[in-house]
Amino acid sequence: MDKAIFTPSATIKGPMHQSLRHDSAHKHVAGSADYIDDIPEPAGLLHGGLGLSDRAHAEIISIDLAAVKAYPGVVTVLTANDIPGTNDVSSGGRHDEPLIATSKVEFHGQIIFAVIAETRDAARKAAQLAKVEYRDLPFWTDIDGALENGAPLVTPGMVLKRGTPESELDKAEHRLQGSMRIGGQEHFYLESQIAMAIPGEDEDVTVWSSTQHPSEIQHIVGHVLNIPSHAITVNTRRMGGGFGGKETQGNQFAALAAVAAKKLNRAVKFRPDRDEDMSITGKRHDFKMDFDVAFNSDGRIHAIDANFAARCGYSSDLSGPVTDRALFHADSSYFYPHVKLTSQPLKTHTVSNTAYRGFGGPQGMLGAERVIEEIAYVLGKDPLEVRKANFYGELGSGRDVTPYHQTVEDNIIARVVSELEASSDYQARRKAIVEFNKTSPVIKKGIALNPVKFGISFTMTAFNQAGALVHVYQDGSIHLNHGGTEMGQGLYTKVAQVVADAFQVDIDVVKITATTTGKVPNTSATAASSGTDLNGMAAFDAARQIKERLVGFAAEKWGVAAEDVRFLPNRVQVGAETIPFPEFIKQAYLGRVQLSAAGFYKTPKIHWNRETGRGTPFYYYAYGASCSEVSIDTLTGEYLIDRTDILHDVGKSLNPAIDIGQIEGGFVQGMGWLTTEELWWDGKGRLRTHAPSTYKIPLASDRPKIFNVKLADWAENAELTIGRSKAVGEPPFMLAISVLEALSMAVASVADYKHCPRLDAPATPERVLMAVERLKKL
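Residues numbered from 1 in each chain as written. Predicted model: local features only at pLDDT ≥ 70, side-chain atom pairs only at ≥ 80, totals over all residues. Heavy atoms only, no water.

> Help me understand the side chain of Glu 97 in this model?
In this structure, Glu 97 sits in the loop between strand E3 (74-78) and strand E4 (104-105). Buried charge without a partner: Glu 97 forms no salt bridge, and the closest opposite charge is Arg 94, 10 Å away. For Glu 97, the side chain forms a polar contact with the side chain of Ser 315, separated by 3.4 Å. Setting aside anything within four residues of it in sequence, one finds Glu 97 in contact with Asn 87, Asp 88, Val 89, Ser 90, Tyr 314, Ser 315 and Asp 317. (Helix = DSSP H or I, 4+ residues; strand = E, 2+ residues; numbered from the N terminus. Buried < 20%, exposed > 50% of the residue type's maximum accessible area, 1.4 Å probe, protein only. Lys, Arg positive; Asp, Glu negative; His and termini not counted. Salt bridge = Lys/Arg side-chain N within 4 Å of Asp/Glu carboxyl O. Polar contact = N/O pair within 3.5 Å; in protein donor to acceptor, adjacent residues only side chain to side chain. Contact = heavy atoms within 4.5 Å.)

> Whenever I open this one, the sheet that holds E4 confuses me. Can you help?
The pairing of strands in a sheet comes from backbone hydrogen bonds and takes either a parallel or an antiparallel form. Taking strand neighbours across the sheet as the criterion, the three strands line up as E4-E2-E6 in an open arrangement whose pairing is antiparallel. One side of each edge strand has no neighbouring strand; the edge strands of this open sheet are E4 and strand E6 (131-136). (Pairing = 2+ DSSP bridges.)

> What should I look at first to understand the sheet that holds strand E24 (residues 596-602) in this one?
A sheet is described by the order of its strands in space; here four strands give the open sequence E19-E18-E17-E24, paired in mixed fashion. At either margin of the open sheet sits one strand with a lone partner, and together these are strand E19 (510-512) and E24. The sheet shows a mean angle of 25 degrees between the axes of neighbouring strands, direction not considered. In terms of strand pairing, strand E17 (residues 465-472) meets E24 through seven bridges, oriented antiparallel. If you follow Val 470 over to E24, its bridge partner there is Ala 597. Along the sheet face, helix H15 (residues 531-558) touches E17, strand E18 (478-482) and E24 and points at about 140 degrees away from the line of E24. (Axes fitted to C-alpha atoms, helices over the stretch in contact; angles between N-to-C directions.)

> Help me understand the pairing of strand E10 (residues 205-209), please; the structure alone is not making it clear to me.
A regular strand places its side chains so that they alternate between the two faces of the sheet. Burial along E10 is one-sided: the face carrying Val 205, Val 207 and Ser 209 is buried and the face carrying Thr 206 and Trp 208 is not. Where strand E9 (residues 195-199) lies against E10, five bridges are found, and the strand directions are antiparallel. Looking across to E10, one finds that Ile 198 is bridged to Thr 206. Linking two consecutive strands that pair antiparallel, namely E9 and E10, is a turn of five residues; a positive phi of about 55 degrees is found at Asp 202 within it. Examined bridge by bridge, E10 and strand E11 (residues 232-236) share four bridges and lie parallel to one another. In the strand pairing of E11, Trp 208 is matched with Asn 235. For the crossover that starts at E10, traverses helix H6 (residues 214-225) and ends in the parallel E11, the hand is right-handed. (Right-handed = clockwise from strand over helix to strand, strands pointing away.)

> Looking at this model, I keep getting lost on the pattern of salt bridges. Mind explaining?
A pair can form between side chains of opposite charge whenever their charged atoms are brought close. Counting across every chain of the model gives 50 salt bridges. The residue Arg 266 makes a salt bridge to Glu 118 at a minimum N-O spacing of 3.3 Å. Within this pair, whereas Arg 266 is found in the loop between helix H7 (251-264) and strand E12 (268-270), its partner Glu 118 is found in the loop between strand E5 (111-117) and helix H3 (120-127), the two being separated by 148 residues in sequence. According to the relative accessible area criterion, Arg 266 is partly exposed, its value standing at 27%. Close ionic contact of Asp 286 with Arg 311 constitutes a salt bridge, the shortest N to O distance being 2.7 Å. Placement of the pair is Asp 286 in the loop between helix H8 (274-280) and strand E13 (287-295) and Arg 311 in strand E14 (residues 301-313), with a sequence separation of 25 residues. Pair check on accessibility: Asp 286 and Arg 311 agree, each one buried. Through salt bridges with shared partners, one network takes in Arg 429, Lys 445, Glu 629, Asp 642, Arg 643 and Asp 645.

Take a look at the structure:
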């Protein structure tokens, strides 16, 4: 260890609350960051190719694999008969997702066999040679088809209720019904799904997987191989993006690689191309929201009854918790005196939808914002005025309880919105836009200011736990490992800052190591925006244990009181003596002090009873607001995002630079969901938007031309989180709702704002144009 690293200074490099670059940022730019496909290939590595169904719903009559097996380079072909354990890779424990289909396929692109060959090209080409005979069965691929055919639910729905909405819907001054369609979204991570398995002696197998949930990969591999978890090690250094798409969707690739590796006693890698990846992995759930709302002339909601039907795909996957979270956020930032919210997770003959940034929350929140918008158009008010009238009140106001009976104790939404309203000059700009639209015959403008209130914690209480492992070596260098995974969001950097801050050493001293089930067991997925909250606290706990031992050692050795031992920047003060950190650690080692600790953390205060629809599922809320201005061309439906201003609450930020990056990225990704990203299945149940040529994510040029992002630097988490920070992964995604609402205002201007345009999402240029033409006729 270079002693210069420990040169005493007034401050350390990279403490908590300081902007610091992502630990791999320079590697990402230079192309030197290693992903699984960059790992030097083991000797004798084989490659997997997938045999996929070309029917949406059918019985398999026969499969002829003779030509596949005879193709040059093919070593073996895996079918369900080759699985030594359970033929299931389902996440939710419902055992409804076979790894390899047997007698029936339930979506176009389902795996029916896998080819293992000497080269990837040979495996892929051979997979095309199978002869499969089917007997077609009835199928449906969308919500309407599911409802028309009486489709079953893939998992039980949920009801949240407070008050008596059934009787109260008739007791307000106004009442209206409406409906909104909310589209799905492809994750479109840069690195596709990938897994590599290397067999070991006895039952052992090591798996490298691009996954947000190494422990689940470990469990799934154990189930399909019928071996215990201790025989399986799963490693994940980094992912090239995840966004929820790698929480459960990596299961099938890791399982296939592991089965093949143990069968052949050779290393095996599976890496689907982009078309395959998009066709056979789940997406964000699309929803149809129907509502019945009663409200007064001031815009205040009195009662609401809403149903959220979701396209879930052929199996349950994570549809239960996703549709639950949609209901948890169907109040957005608003208090409903009387409310009933129902979820309807419908089975469709499409790939099973899964986790995606926000995990159903964006769909629920968007539905709530549409209700507010509808009320505003009925009353002829600015939607922002209606929003303010419905905000949750202060603690004890009587307007502080959610539909799931959790009290909102940390409400700052009114202040966040008020500050953004002033800093964005919203009122003056809105007035100017209304005047502009009166004189501009073709180009119309719109502006909207929307709030965000997002609950933080896994709604499955057991998942709110984390472990971390910290070693301090004799030279003072520190090894850090925890259960969180790095998908580009900066988690590793933030947790390293926590450890550096705890020991008061420069962050260069802290070595960030790959996530592995062999070091920290039984980890939760890096999801629900909880990565830093959970793993940061676990790492802090490990550092605390070591520090307590060090303090006890120093107090005894130097004969001072414990309070006279202080950790200063890169050194330790013991009474009147100051010792460089590495020298102090060497002394502790010679004194036989344990310099390693396993930390642990579980989120306090949370509990949830799904059957009664009551509890405290969230530890706290993250808040934010965005104001967006757009221009549309009423002749073509094309539009530009002219300006966006954001004020977002991350508590006391652990790393402002990373947090602002997450806010910017989340907003642009949310903007894509609501504007350009459209999934489309044809009449044969085939996903046709399965490549960049047909599926349009936002480009850098699509970002707002003026983009102002600011942290609410006065905010501090009222709950005891790491550094009093707040989660930042998912909440910013929903800030993009202001873009859809601004487009809606621009469209509404063609009919003098007398009708709600009822834009469905995504509001593609085609949809915008059709809405303009529809309103022109009113």
